[in-house]
Amino acid sequence: MTDVTIYHNPACGTSRNTLALIRAAGIEPVVVEYQKTPPSRDTIRALAAAIGVPLRALLREKGTPYAELGLGNPDLTDDRLLDALEAHPILLNRPIVVTGKGTRLCRPSEAVLGLLPPMTGTFTKEDGEVVDLSAGA
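Predicted model, so just to flag it, every value in this text is computed and none were measured. (Residues numbered from 1 in each chain as written. Predicted model: local features only at pLDDT ≥ 70, side-chain atom pairs only at ≥ 80, totals over all residues. Heavy atoms only, no water.)

In this section: the sheet that holds strand 2 (residues 30–33). Reading across from one edge, 2-1-3-4 is the order of the 4 strands in this open sheet, with mixed pairing throughout. A strand with exactly one partner marks an edge of an open sheet, and here the two such strands are strand 2 and strand 4 (102–105). Each strand axis lies, on average, 15° off the axis of its neighbour in the sheet, ignoring direction. Sheet topology note: the strand 3 (residues 96–99)/strand 4 ladder contains 4 bridges and is antiparallel. The residue bridging I96 from the neighbouring strand is L105, located in strand 4. Helix 1 (residues 13–24) contacts strand 1 (5–8), strand 2 and strand 3 of the sheet and is inclined by roughly 160° relative to strand 1. Sitting on the sheet, helix 2 (residues 41–51) touches strand 1, strand 3 and strand 4, and the angle it makes with strand 4 is about 100°. (Pairing = 2+ DSSP bridges. Helix = DSSP H or I, 4+ residues; strand = E, 2+ residues; numbered from the N terminus. Axes fitted to C-alpha atoms, helices over the stretch in contact; angles between N-to-C directions. Contact = heavy atoms within 4.5 Å.)

It is worth spelling out helix 2 at this point. Turning to helix 2, its buried residues are I44, L47 and A48. Down the axis of helix 2, the buried side of the element spans an arc of 95°, and every buried residue falls inside it. In helix 2, the exposed positions angled more than 90 degrees off the buried face are occupied by D42 and A49. As for helix 2, its buried residues are in contact with strand 1, helix 3 (78–87), strand 3 and strand 4. (Buried < 20%, exposed > 50% of the residue type's maximum accessible area, 1.4 Å probe, protein only. Arc of directions from axis to C-beta.)

Attention now goes to the pattern of salt bridges. One side chain can pair with another of opposite charge once the charged atoms of both are near each other. One pass over the structure, following the stated rule, counts 9 salt bridges. Here R16 makes a salt bridge to E126, at a shortest N to O gap of 2.6 Å. With R16 in helix 1 and E126 in the loop between strand 5 (122–124) and strand 6 (130–132), this pair connects stretches of sequence that are 110 residues apart. Taking relative accessible area as the criterion, R16 reaches 32% and is therefore assigned partly exposed. For the salt bridge of D83 with R41, the shortest nitrogen-to-oxygen distance reads 2.8 Å. With D83 in helix 3 and R41 in helix 2, the pair connects residues that are 42 residues apart, well separated along the chain. Residue classification places R41 among the partly exposed positions, given a relative accessible area of 23%. Through salt bridges with shared partners, a single network forms among R41, R45, D79, D83 and E86. (Salt bridge = Lys/Arg side-chain N within 4 Å of Asp/Glu carboxyl O.)

Below, the discussion takes up helix 1. Taking 1.5 Å per residue as the helical rise, helix 1 with its 12 residues ought to reach 16 Å, and the 16 Å between its terminal C-alpha atoms agrees with that figure. Every buried residue of helix 1 is accounted for by T14, S15, N17, T18, L19, L21 and I22. Packing partners of the buried residues in helix 1 comprise strand 1, strand 2, strand 3 and strand 5. (Expected span 1.5 Å × (residues − 1).)

Structure below.
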């Protein structure tokens, strides 16, 4: 497995743990720090489609201007949501991982295991939680 991309926020523990799990599989992914280099509107649409969720499912509420922008309004179009994501990249939920096995929003971080080659052993997250690496096999 060579082509792995993670849409990453280094300030997010879940994102850091997901990146560490990818690296534990012996893979050095393409790391897109999406707040520094926001994905295009088309890329965001494609990510949602690849995950199989509506665009709204990629919005993050906590620690973002979600509420103040009124993004909870179910009548907002995808174009309006994309406008908000373009203006405020922090709204993109993370981490999103793309591999040859699929695309997934990896919350919790061990959700990435299903996208990686089989591994054995354990991995200890930053908070001390131990993850059985064979669970993704």
